[in-house]
Amino acid sequence: ELLARDDQNKLHARGPRFRLDAETIRDNALAAAGLLSLKAGGPPVRPYQPPGLWDNKVGGDRVTYEMSAGEDAWRRGIYTVWKRSSPYPSFVNFDATARTACTIRRSRSNTPLQALTLLNDPVYVEAAMAAAKRVLIERPEATTEERIRHAFRLCLARQPAAKEVAALRNLFEQQAAVYAADATAAKAVVGKFALPPHTSAGDFAAWHAVATVLMNLDEMITKG
């Protein structure tokens, strides 16, 4: 059917299914969250990474890593500074090369470190927070299911099936009940993040859980 509709593949109707490259995974998450900066050119930027990785001496000088501020922290992955002796950890976990030699083709592995990166790396945690905030701001009067559908389309560019909506609605209701009973836990999730108008910490924490699930789906990091 696809061959009949698009025999020249001008609409990209066909092609292999593969996991996105490291830089694109990060860019995709930031784009869905509404954070990605498309500013072009300029010097390299320094997004979040674990502290202390650059705290060594090179040629007698101490090299430090100071995180970029504002929009620069969300620029495309291609602009991330690269130190060959201490490369950007989340990119390495998704098979970015060390750049010590030319590489014709990157490998594509599937390891627990990748799931842990998507769950815990500050870039992806912040992206999930921003995605939750984006849904609440863009759909202020919507029902829970309407917000779920909007979040789904932002992340996966398709409409969810009924069972997918039901699963995410159950997750939201479960998390909302947990945080309603434990305000301290809700505040711990929110931290210093600026809440959308008329949104409680517990409600936002529950939406953050939904956004985190979407950001961690295989479909989110795979070209289908």
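1. Looking at the environment of alanine 185
Stage number 1. Summarising the element assignment, alanine 185 is placed in helix H8 (residues 183–190).
Stage number 2. In this structure the C-alpha to C-alpha distance between alanine 185 and serine 90, which are 95 residues apart in sequence, comes to 27 Å.

2. Details of the layout of surface pockets
Stage number 1. By volume, the largest pocket is sized at about 250 Å³.
Stage number 2. What lines the largest pocket is a set of 16 residues, among which Arg19, Asn110, Gln114, Asp218 and Ile221 lie closest to the centre.
Stage number 3. Listed by contribution, the elements that provide at least two residues to the lining of the largest pocket are strand E1 (18–19) and helix H4 (112–120).
Stage number 4. With three residues, the single largest contributor to the lining of the largest pocket is H4.
Stage number 5. Classifying every residue of the lining of the largest pocket gives six nonpolar, six polar and four charged.
Stage number 6. A volume near 180 Å³ is recorded for the second largest pocket.
Stage number 7. Residue lining of the second largest pocket: Leu136, Ile137, Pro140, Glu141, Arg147, Pro196, Pro197, His198, Thr199 and Asp203, and that is the complete set.
Stage number 8. When its residues are assigned to classes, the lining of the second largest pocket shows five nonpolar, two polar and three charged.

3. Examining the pattern of salt bridges
Stage number 1. For the structure shown, the criterion picks out 10 salt bridges.
Stage number 2. The salt bridge involving aspartate 218 is made with arginine 17; its shortest N-O contact spans 2.5 Å. One end of the pair, aspartate 218, is in the loop between helix H9 (201–215) and strand E4 (222–223); the other, arginine 17, is in the loop between helix H1 (2–5) and E1, with 201 residues separating them in the sequence.
Stage number 3. Note on aspartate 218: relative accessible area 44%, which makes it partly exposed.
Stage number 4. Taken together, the shared-partner salt bridges in this structure form one network comprising Arg158, Glu164 and Glu219.

4. Quick look at the packing of helix H5 (residues 122–138) against helix H6 (residues 144–156)
Helices that pack against each other are described as a pair by the angle of their axes relative to one another and the distance between those axes.
Stage number 1. At a closest axis distance of 10 Å, the pairing of H5 and H6 adopts a crossing angle of 130 degrees. The orientation of H5 with respect to H6, classified from their angle, is oblique. Note on packing geometry: the crossing formed by H5 with H6 is right-handed. Of the residues in H6, those touching H5 at Arg134, Val135, Leu136 and Glu138 are Arg147, His150, Ala151 and Leu154.
Stage number 2. Its residues assigned to classes, the contact of H5 with H6 comprises four nonpolar, one polar and three charged.

5. Here's the deal with the side chain of threonine 117
Stage number 1. As for its position among the elements, threonine 117 is in helix H4.
Stage number 2. Residue classification places threonine 117 among the buried residues on the basis of a relative accessible area of 7%.
Stage number 3. One polar contact links threonine 117 to asparagine 93, side chain to side chain, over a distance of 2.9 Å.
Stage number 4. Beyond its immediate sequence surroundings of up to four residues, threonine 117 is in contact with Ser90, Asn93, Phe94 and Tyr124.

6. Notes on H5
Stage number 1. Its 17 residues give H5 an end-to-end C-alpha distance of 24 Å, which sits within 8% of 24 Å, the value for a rise of 1.5 Å per residue.
Stage number 2. Buried within H5 are the following residues: Val123, Tyr124, Glu126, Ala127, Ala128, Met129, Ala130, Ala131, Ala132, Val135 and Leu136.
Stage number 3. Looking at the packing, one finds that the buried side of H5 touches helix H2 (22–33), H4, H6, H8 and H9.
Stage number 4. Its side-chain oxygen 2.8 Å from the backbone nitrogen of valine 123, aspartate 121 forms the N-cap of H5.

7. Concerning empty space enclosed by the protein
Stage number 1. According to the stated counting rule, one finds one cavity of 30 Å³ or more in the structure shown.
Stage number 2. What the largest cavity holds in volume is close to 70 Å³.
Stage number 3. Taken together, Ala32, Ala131, Ala132, Val135, Ala151, Leu154, Cys155, Trp207, Val210, Ala211 and Leu214 make up the lining of the largest cavity.
Stage number 4. Contributing elements (two or more residues each) for the lining of the largest cavity: H5, H6 and H9.
Stage number 5. Ranked by residue count, the leading element in the lining of the largest cavity is H9, at four residues.

Thresholds, definitions, all that
- Note on numbering: residues in each chain are counted from 1, in written sequence order.
- Local features in a predicted model are, by the rule used here, given only for residues with pLDDT of at least 70; side-chain atom pairs are given and counted only at 80 or more, and totals for whole chains, interfaces and linings are based on all residues.
- To get the side-chain values, all heavy atoms of the structure are used, and hydrogens and water are removed first.
- Counting from the N terminus, the helices are the DSSP runs of H or I reaching at least four residues and the strands are the DSSP runs of E reaching at least two.
- Method remark: on a 1 Å grid restricted to protein atoms, a set of points is classed as a cavity if a 1.4 Å probe fits but cannot get out and as a pocket if it is open with protein on both sides within 12 Å along at least five of seven lines; lining residues have an atom within 4 Å of a point.
- Grid points are joined across faces, edges and corners, and a volume is the space filled by probe spheres set on the points.
- The classification used treats Ala, Val, Leu, Ile, Met, Phe, Trp, Tyr, Cys and Pro as nonpolar, Asp, Glu, Lys and Arg as charged, and all other residues, Gly among them, as polar.
- Every case where a carboxyl oxygen of Asp or Glu lies within 4 Å of a side-chain nitrogen of Lys or Arg is listed as a salt bridge.
- Burial classification: accessible surface area is computed with a 1.4 Å probe over protein chains only, and a residue below 20% of its type maximum counts as buried, one above 50% as exposed, and the rest as partly exposed.
- Helix axes are fitted only over the stretch in contact, all axes being lines through C-alpha atoms; the angle between N-to-C directions runs from 0 to 180 degrees.
- Angles below 35 degrees are treated as roughly parallel, those above 145 as roughly antiparallel, those between 65 and 115 as roughly perpendicular, and all remaining angles as oblique.
- By definition, turning the near helix anticlockwise from the far helix through less than a right angle yields a left-handed crossing, and turning it clockwise yields a right-handed one.
- We call two residues in contact when some of their heavy atoms are within 4.5 Å.
- Any pair of nitrogen or oxygen atoms within 3.5 Å is treated as a polar contact; in protein, a donor-acceptor pairing is required on top of that, and neighbouring residues in sequence qualify only through side-chain atoms on both sides.
- Between the first and last residue of a helix there are one fewer steps than residues, each counted as 1.5 Å, and that sum is the expected span.

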